[in-house]
Structure formats: structure tokens, C-alpha cells
Amino acid sequence: MGDVLAGIHATWEFESDSVLIRFERGIRAPKLFQALRERRIPHEALESVTLSPGKRGTVVLHAVPRPGADPLMDAAAGQLKESYDPYRLVLPAERETLAEYYADELRDALPPDASEPADRHLVAAPEAPLNFKAYDGKAAFDGRQVTFRWFWTGASSEKWKAGDQTFPVAALSGVEWRSPEVFDGHLRLLRREADGSAAQADRDPASVVFGLGYGPVHESLPFAAAVLAAVRDGGGPAVPHQPVRVAAGRRDPADIAERIRHLGDLHRAGLVTDDEFSAKKAELLAEL
């Protein structure tokens, strides 16, 4: 067990070849930190280390990962707010001297090629299975394939016509994550066999779109990182993507219940008529 530096929302444990970051799981901690729980960052995954003044009597120890070393940060593509950055440790100002000592220790441990992008992922991605609810469908990843199952109440006609989708990892070349905190937030799967002319995310069957309360950062970003890691680390040869239309039959009761709740919300908001609500509810119940 190495030396420990406890900060606000996280504790860093300094070991001979890495830093083990344990995130606080209290109610005040960012939800992304609670979802990540802990991460081991090898020294070879770091590009630089800084210590700078923070807000309201704090200092910030910041380790910057090398491009390509951490699938989570690669998927985020610079869109995370400072408060969500898992490589920032915020400390009371009275610990500045101790923080400077550990900053120097980390700088001395940086690899000779720290200024260059990593040739492989050095930080583990969140583990599958993972899933989250987007505005227009439910996304799931089991480590081998990504599935999108459309919500009748949110998906565009283009997606309904295409049917529910299954994407083997080997058929993908990457992932595009646009933060749900912006207007056109979405998660798009980049396909090896795509023609390069991607449709808008709300019309693209290889995308799910976010919205208020749908696809939050702490759910959709770890999902994107896990898929990206699988694509880069074990995707194998390209395999043609086969859209899968889910046949009528038994489905997960929890999923059906969630879709009925979502339908009820739209009905109460006046966005779905009584007849539409009754018809679709009966259709969903018939799938059980």
C-alpha cells in the first residue's frame, strides 16, 4: 500500500508504478465519480502533472493523461467540465506543500515518451455489461455487441422503419459521444462499412439522442468508453453490420414497464391521445 493523499471527492494512493484513484460515493460527489468508483492510472499513461491554485482556498493537483491512453477521456474528447475531470484532485490550501511533493514524484515517474500519444489503452475502461436510457431508445452493451431498442414515443420514423439495431464490435471503427449537456447531445456508433455521409443523429439508426434526463454523463460516457475500448483493443476484422428487427415475443418485463411509464408521461403531458395511449399500451403488454 502506498502513500495516500485525500482530497475533495477523491483519494489518490501513490504506488510504485501507478496512482490508484478512489472516488467518493457521497451525495455531494459528481455522479460520474460515483459511477467510476476507482481507477488505476499507470505512470506510463500520464503526459504531465501540474499543481495550481483552486477556488475558495484550495489547490488542484492535475494529472493529464496522454492521448490514446484512457478510453474514457478519449470518448469525452475535451467536453467534460472541470468538476467532472477524474484527473483533478482538489485539496485544501494547507496541503499545498504535501501536494507539491507528490506532484514532483509523479513528474519524475513520467515515461520518456510522455509527450507522445499512447499506442494502446493503458487505463482500463468501465466494464460491461452497461446500459442507459436515451430519449429515443435504450442502449445496451454486453462486451461483444451494442444494441439499440427504440422507444415508440421518442424514435423518429426513420429509426422505426430500420427496426431495433444490433452492432457487433467488429463492425465498428469508433464512437462519437456528444455531451448531453449541449443541445444536440448524442452517442453515434461509427461503422466500418459506412459510406461517410452520416444522417442527423435523430434519424441515424446507428445513433441514440439525449435529452433532459436522458443519457446523462455518468451513464452515457462510461458506456461510450467501454465500446471504444472494445473496438480498439479487440474489434478484430470488419464484419458487415446486420440490422436486427426484434420479432414479436417475450421481452424483458422491466423494459416493457419502463416503456409504459414513459408512454404514460407523454399521455399526461397531452402529447399522446387517449386512443394512442391505449393502443400502444396494449401492444406493449402483448409482448410480455
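Quick look at the structure, then. Quick caveat, the model's predicted, so the values are computed rather than measured.

**Observations regarding the nonpolar core**
The nonpolar side chains of soluble globular proteins are, as a tendency, buried together. Of all hydrophobic cores here, the largest spans 64 residues; its most connected members are Trp 12, Leu 61 and Leu 187. Sort the elements by how many residues they give to this core and helix H5 (residues 217–234) lands first, with 10 residues. Ignoring anything within four residues of it in the chain, the contact list for Leu 187 reads Phe 132, Phe 148, Val 175, Glu 176, Trp 177, Ala 206, Ser 207, Val 208, Phe 210, Ser 220, Phe 223 and Ala 224.

**Re unusual backbone geometry**
The residue after Ala 128, namely Pro 129, is reached through a cis peptide bond having omega 5°. Within the secondary structure, Pro 129 is located in the loop between helix H3 (96–109) and strand E8 (130–133). For Ala 77, which is not glycine, the phi dihedral falls at a positive 50°. Structurally, the position occupied by Ala 77 is in the loop between helix H2 (71–76) and strand E7 (88–92).

**Thoughts on the side chain of Arg 66**
Topologically, Arg 66 is positioned in the loop between strand E6 (58–65) and H2. Within the structure, the side chain of Arg 66 is placed 3.5 Å from the side chain of Asp 113, a separation counted as a polar contact. Residues within four places of Arg 66 in sequence aside, it is in contact with Glu 44, Ala 45, Leu 46, Glu 47, Pro 111, Asp 113, Ala 114, Glu 116, Pro 117, Ala 118 and Leu 122.

**A short note on H3**
The end-to-end C-alpha separation of H3 is 20 Å, in line with the 20 Å expected for 14 residues at 1.5 Å each. Three or more residues of H3 are buried, namely Ala 99, Tyr 102, Ala 103 and Leu 106. Projected down its long axis, H3 carries its buried residues within an arc of 105°, all on one side. Residues of H3 that are exposed and angled more than 90 degrees away from the buried face: Thr 97 and Asp 108. Residues of H3 that are buried in the fold lie against strand E1 (3–6), strand E2 (10–14), strand E3 (18–23), strand E5 (46–53), E6 and E7.

**Thoughts on the sheet that holds strand E13 (residues 186–191)**
Reading across the sheet, the 3 strands line up as E12-E13-E14 and stay open at both edges, with antiparallel pairing between neighbours. Edge positions in the open sheet fall to strand E12 (172–178) and strand E14 (207–209), since each of these has one partner strand only. The average undirected angle you get between the axes of adjacent strands in this sheet is 10°. Sheet topology note: the E12/E13 ladder contains 6 bridges and is antiparallel. Bridge assignment links Gly 174 to a residue of E13, and that residue is Leu 190. Of the strands in this sheet, E12 and E13 are in contact with H5, which crosses E12 at around 160°.

What counts, and at which threshold
Residues numbered from 1 in each chain as written. Predicted model: local features only at pLDDT ≥ 70, side-chain atom pairs only at ≥ 80, totals over all residues. Heavy atoms only, no water. Core = buried A, V, L, I, M, F, W, Y, C linked by side-chain atoms within 4.5 Å. Buried < 20%, exposed > 50% of the residue type's maximum accessible area, 1.4 Å probe, protein only. Helix = DSSP H or I, 4+ residues; strand = E, 2+ residues; numbered from the N terminus. Contact = heavy atoms within 4.5 Å. Polar contact = N/O pair within 3.5 Å; in protein donor to acceptor, adjacent residues only side chain to side chain. Expected span 1.5 Å × (residues − 1). Arc of directions from axis to C-beta. Pairing = 2+ DSSP bridges. Axes fitted to C-alpha atoms, helices over the stretch in contact; angles between N-to-C directions.

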